[in-house]
Number of protein chains: 2
Amino acid sequence: MSEFKYKQAIVVRADLKMGKGKIAAQVSHAAVSAAEEARNRHEDWWEAWLEEGQKKVVVKVKSEAELLQLQQEAAKMRLPYALIRDRGLTQLPPDTVTCLGIGPAPSSVIDKLTGELPLL
Amino acid sequence: MSEFKYKQAIVVRADLKMGKGKIAAQVSHAAVSAAEEARNRHEDWWEAWLEEGQKKVVVKVKSEAELLQLQQEAAKMRLPYALIRDRGLTQLPPDTVTCLGIGPAPSSVIDKLTGELPLL
């Protein structure tokens, strides 16, 4: 079950009308940016996570408010995170907040924040 | 149109039965791994791409054969790339090849490889 000591969670707003390609691009953006945050601030977490095979979970929330609350909690816990805003050139109004990448960080810490959220 | 001098393409197999959360996780894996390849081999491309805002396109092919052919072309062109195999614990048989991340690299070069492929 928990061979992964480190993981990254990406939280997506399910209340937006995004197609699967759009979701994949936004989630990737969050994954790359949050990983870069981790590399800069917790290089040991980042390295161990890559070595373990980059465990990721993609979960969902129902509103911008829920996403921003998770961001605040991640900040309070001093976790690496990245909040993604879409440029809004295609499917969404400009600067729509679409998703939040948290970690890589120790799985037990990530689970405290996102462990109860449903998978996308 | 082309304010982005660098981009990353992620090519997904559309012939697999993957849900949108699964696709997002696999594409993110490709994005992080190919970006890491670029950082190690073409740090200037990687830095410029991050600064421009990480332009990504997510496109699709219809078979493993098409994906592997793109991989070979990327290798021949000496582009940074990452081929992703799923561990197959959930929706797919073990070691199924799911997607291919190419770049970041100059947009004109990426377009030669993936410019004709439909968006996911």
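About the thresholds
Residues numbered from 1 in each chain as written. Chains lettered and ligands numbered in written order. Predicted model: local features only at pLDDT ≥ 70, side-chain atom pairs only at ≥ 80, totals over all residues. Heavy atoms only, no water. Salt bridge = Lys/Arg side-chain N within 4 Å of Asp/Glu carboxyl O. Buried < 20%, exposed > 50% of the residue type's maximum accessible area, 1.4 Å probe, protein only. Helix = DSSP H or I, 4+ residues; strand = E, 2+ residues; numbered from the N terminus. Contact = heavy atoms within 4.5 Å. Buried area = accessible area lost by both parts, 1.4 Å probe. Polar contact = N/O pair within 3.5 Å; in protein donor to acceptor, adjacent residues only side chain to side chain. Nonpolar A, V, L, I, M, F, W, Y, C, P; charged D, E, K, R; others polar. Pairing = 2+ DSSP bridges. Axes fitted to C-alpha atoms, helices over the stretch in contact; angles between N-to-C directions. Parallel < 35°, antiparallel > 145°, perpendicular 65-115°, else oblique. Left-handed = near helix turned anticlockwise from the far one by under 90°. Arc of directions from axis to C-beta.

Caption draft 1: Geometry of the pattern of salt bridges. All names here are of chain B. Tallied over the entire structure, the rule returns 12 salt bridges over all chains. Salt-bridge contacts for Arg-13 lead to Asp-15; the nearest nitrogen and oxygen are separated by 2.8 Å. Judged by relative accessible area, Arg-13 falls into the buried class, the value being 10%. Across the pair Glu-37 and Arg-41 runs a salt bridge whose closest N-O atoms are separated by 3.6 Å. Here Arg-41 and Glu-37 lie together in helix α1 (residues 20–41), a separation of 4 residues that amounts to about one turn. On the accessibility criterion, Arg-41 (40% relative accessible area) is partly exposed.

Caption draft 2: Representation of the interface of chain B and chain A within the structure. Each partner contributes residues to the interface: chain B has 25 residues there, and chain A has 25 residues. Of the roughly 2,000 Å² buried between chain B and chain A, counting both surfaces, carbon and sulfur atoms make up 66%. Between chain B and chain A we count 2 salt bridges in total. Ionic pairing is found between A:Glu3 and B:Arg87, a salt bridge with its closest N-O pair at 3.2 Å. Linking chain B with chain A are 6 residue pairs in polar contact (both at pLDDT 80 or more). Those elements that place two or more of their residues in the side of chain B that touches chain A are α1, α2 (43–52) and β2 (56–61) of chain B. By residue number, the principal contributor to the side of chain B that touches chain A is α1(B), which donates 13 residues. Across the side of chain B that touches chain A, the residue classes tally to 13 nonpolar, 6 polar and 6 charged.

Caption draft 3: Looking closely at the environment of B:Glu36. Counting through the fold element by element, B:Glu36 comes out in helix α1. On a C-alpha basis, the gap between B:Glu36 and B:Tyr81 in space is 9.1 Å, while along the polypeptide they are 45 residues apart. When residues no more than four places from it in sequence are discounted, the contact partners of B:Glu36 are A:Trp46 and A:Leu50.

Caption draft 4: The arrangement of the side chain of A:Arg13 in detail. All names here are of chain A. Tracing the backbone through its elements, the reader meets Arg-13 in strand β1 (residues 6–13). A polar contact is formed between the side chain of Arg-13 and the backbone oxygen of Val-97, at a distance of 2.9 Å. Those residues in contact with Arg-13 that lie beyond four places of it in its chain are Met-18, Val-61, Ser-63, Glu-64, Leu-67, Thr-96, Val-97 and Thr-98.

Caption draft 5: Up close: the sheet that holds β2(B). Residues and elements named next belong to chain B. The strand order across the open sheet formed by 4 strands is β2-β1-β4-β3, and the pairing between neighbours is mixed. For this open sheet the edge positions go to β2 and β3 (81–86), each flanked by a neighbour on one side alone. Put simply, the sheet's adjacent strands are angled 20° from each other on average, direction ignored. Where strand β1 (residues 6–13) and β2 come together, 6 bridges link them in parallel fashion. In the strand pairing of β2, Arg-13 is matched with Val-61. Running at roughly 45° to strand β4 (residues 96–106), α1 makes contact with β1, β2, β3 and β4 of the sheet.

Caption draft 6: Highlighting the packing of helix α1 (residues 20–41) of chain A against α1(B). Where α1(A) contacts α1(B), the axes come no closer than 8 Å and their chain directions differ by 45°. In this view, α1(A) runs oblique relative to α1(B), as classed from their interaxial angle. Remark: the crossing between α1(A) and α1(B) carries right-handed chirality. Side by side, α1(A) and α1(B) meet where A:Lys20, A:Ile23, A:Ala24, A:Val27, A:Ser28, A:Ala31, A:Val32 and A:Arg39 of the first sit next to B:Lys20, B:Ile23, B:Ala24, B:Val27, B:Ser28, B:Ala31, B:Val32 and B:Arg39 of the second. The residue makeup of the contact of α1(A) with α1(B), split by class, is 10 nonpolar, 2 polar and 4 charged.

Caption draft 7: Spotlight on helix α4 (residues 107–114) of chain A. All names here are of chain A. If you check which residues of α4 are buried, you get Ser-107, Ile-110, Leu-113 and Thr-114. Within α4, the buried residues cover an arc of 125° as seen down the axis, which keeps them to one side. With respect to the buried face of α4, the exposed residues turned more than 90 degrees away are Ser-108 and Lys-112. In this structure, the buried side of α4 is in contact with β1, β2 (56–61), α3 (64–76) and β4 (96–106).

Purely spatial values, then, with no claim about function.
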